[in-house]
Amino acid sequence: VVLTGGCTTTGTAQGDPAAQRAAIDGEANSALSRLYAQQPGSRELVNKASGVLVFPTFTSAGFLIGGGTGRGVLRVGGKSKSYHSMTEASVGLLAGAQSQAVFILFMTPQALAAFEASKGWTVGADASVSMLTVGANAQITSQTAQQSVIGFVMTNSGLMGNVSLNGNRITPLNI
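About the thresholds
Residues numbered from 1 in each chain as written. Predicted model: local features only at pLDDT ≥ 70, side-chain atom pairs only at ≥ 80, totals over all residues. Heavy atoms only, no water. Helix = DSSP H or I, 4+ residues; strand = E, 2+ residues; numbered from the N terminus. Contact = heavy atoms within 4.5 Å. Areas by Shrake-Rupley, 256 points an atom, 1.4 Å probe, with all protein chains shown as cover. Patch = residues over 30% accessible without salt bridge, like charges linked within 9 Å, V, L, I, M, F, W, Y side chains within 5 Å. Salt bridge = Lys/Arg side-chain N within 4 Å of Asp/Glu carboxyl O. Buried < 20%, exposed > 50% of the residue type's maximum accessible area, 1.4 Å probe, protein only. Phe/Tyr/Trp six-rings, centres within 6.5 Å; stacked < 30°, edge-to-face > 60°. Core = buried A, V, L, I, M, F, W, Y, C linked by side-chain atoms within 4.5 Å. Arc of directions from axis to C-beta. 1 Å grid on protein atoms, 1.4 Å probe; cavity = no way out; pocket = protein on both sides within 12 Å on 5 of 7 lines; lining within 4 Å. Points joined across faces, edges and corners; volume = space filled by probe spheres on them. Nonpolar A, V, L, I, M, F, W, Y, C, P; charged D, E, K, R; others polar.

A. Spotlight on the overall build of the protein. What the protein contains, in helices and strands, is four helices and six strands. In the protein, once contacts between residues fewer than 6 apart in sequence are set aside, the share between residues at least 24 apart is 70%. Counting every atom, the protein has about 8500 Å² of accessible surface; 54% of that belongs to carbon and sulfur.

B. Quick look at a nonpolar patch on the surface. On the surface, a nonpolar cluster with roughly 440 Å² of combined accessible area is contributed by Phe63, Leu64, Ile65 and Val91. For the nonpolar patch, the leading source of residues is strand β1 (residues 51–76), giving three residues. Looking at the element boundaries, Ile65 is found in strand β1.

C. Fine view of the environment of Leu112. Within the element layout of this structure, Leu112 appears in helix α3 (residues 109–117). Judged by relative accessible area, which is 7%, Leu112 ranks as buried. Separated by 37 residues in sequence, Leu112 and Val149 have C-alpha atoms that sit 8.7 Å apart.

D. Local environment of the packing of aromatic side chains. Counted according to the given criterion, the structure contains three aromatic pairs. Between the aromatic rings of Phe106 and Trp121, the centroid separation amounts to 5.5 Å while the plane-to-plane angle is 70 degrees, which identifies the pairing as edge-to-face. Pair noted here: Phe106 is in strand β2 (residues 79–106) and Trp121 is in strand β3 (residues 121–122), with a separation of 15 residues, a long-range link. There is no split in this pair, since Phe106 and Trp121 are both buried. Ring centres of Phe115 and Trp121 lie 5.3 Å apart, and the angle between their planes is 85 degrees; on these two criteria the pair is classed as edge-to-face. Look at Phe115 and you get buried, because its relative accessible area is 3%. With relative accessibility at 2%, the residue Trp121 sits in the buried group. Among the aromatic side chains, those forming a connected cluster through ring pairs are Phe106, Phe115 and Trp121.

E. Focus on the nonpolar core. Core analysis: the biggest nonpolar cluster contains 19 residues, and Leu35, Val54, Phe103, Leu105 and Phe152 have the highest contact counts within it. At the level of secondary structure, the elements contributing two or more residues to this core comprise α1 (17–38), α2 (42–48), β1, β2 and β5 (149–159). The element contributing the most residues to this core is α1, with five residues. Once residues lying within four places of it in the same chain are set aside, the contact partners of Leu105 are Leu45, Val46, Ala49, Gly51, Val52, Ser148, Val149, Ile150 and Phe152. Membership of the second largest hydrophobic core comes to 16 residues, among which are Leu74, Ile104, Phe106 and Phe115.

F. Inspection of α3 at higher detail. Considered for burial, the residues of α3 that qualify are Ala111, Leu112 and Phe115. What you see down the axis of α3 is that its buried residues fit within an arc of 100 degrees, all on one side. Opposite its buried face, α3 presents the exposed residues Pro109, Gln110 and Ala117, each directed more than 90 degrees away.

G. Highlighting the layout of surface pockets. The computed volume of the largest pocket comes to approximately 180 Å³. If you list the elements that add at least two residues to the lining of the largest pocket, you get α1, α2 and β1. Ranked by the residues each element gives to the lining of the largest pocket, the list is headed by β1, at five residues. In terms of residue class, the lining of the largest pocket is made up of seven nonpolar, five polar and one charged.

Structure (structure tokens):
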């Protein structure tokens, strides 16, 4: 199993917590700017959301068995509220490595409250996420915008061919 936790630019769990938060916030700002530039309608959707999880660098790799990890921030009202890690494990027909930016939008106060009340939140088990892949002719429709949780995946680099988030686990970081 190849876990690539050390490949993010936000460093390891050691070090100054304020510096770690600042690094994650800076990368999240950059990722959001790229999302707005590449996906028409995304800024309006983010502004309407009750809360937005931004994982600027989610790195995954594997060959038949794989895994991934990334660190991100929950923003509510445009301000950073809490920091989280996201992990995944997968088995199947997969090969390669990739880095993605992942955005999870909680469109209702209830969806945000359910996420915040959890000690660990699993995509697919705790909530279904309507996924859009940036750059793959993703269209924000009125039906998509009515979902309680919406996700965007934007490839940073690499090629793996998997944009599903089902089974990804999100847990709070103590930084």
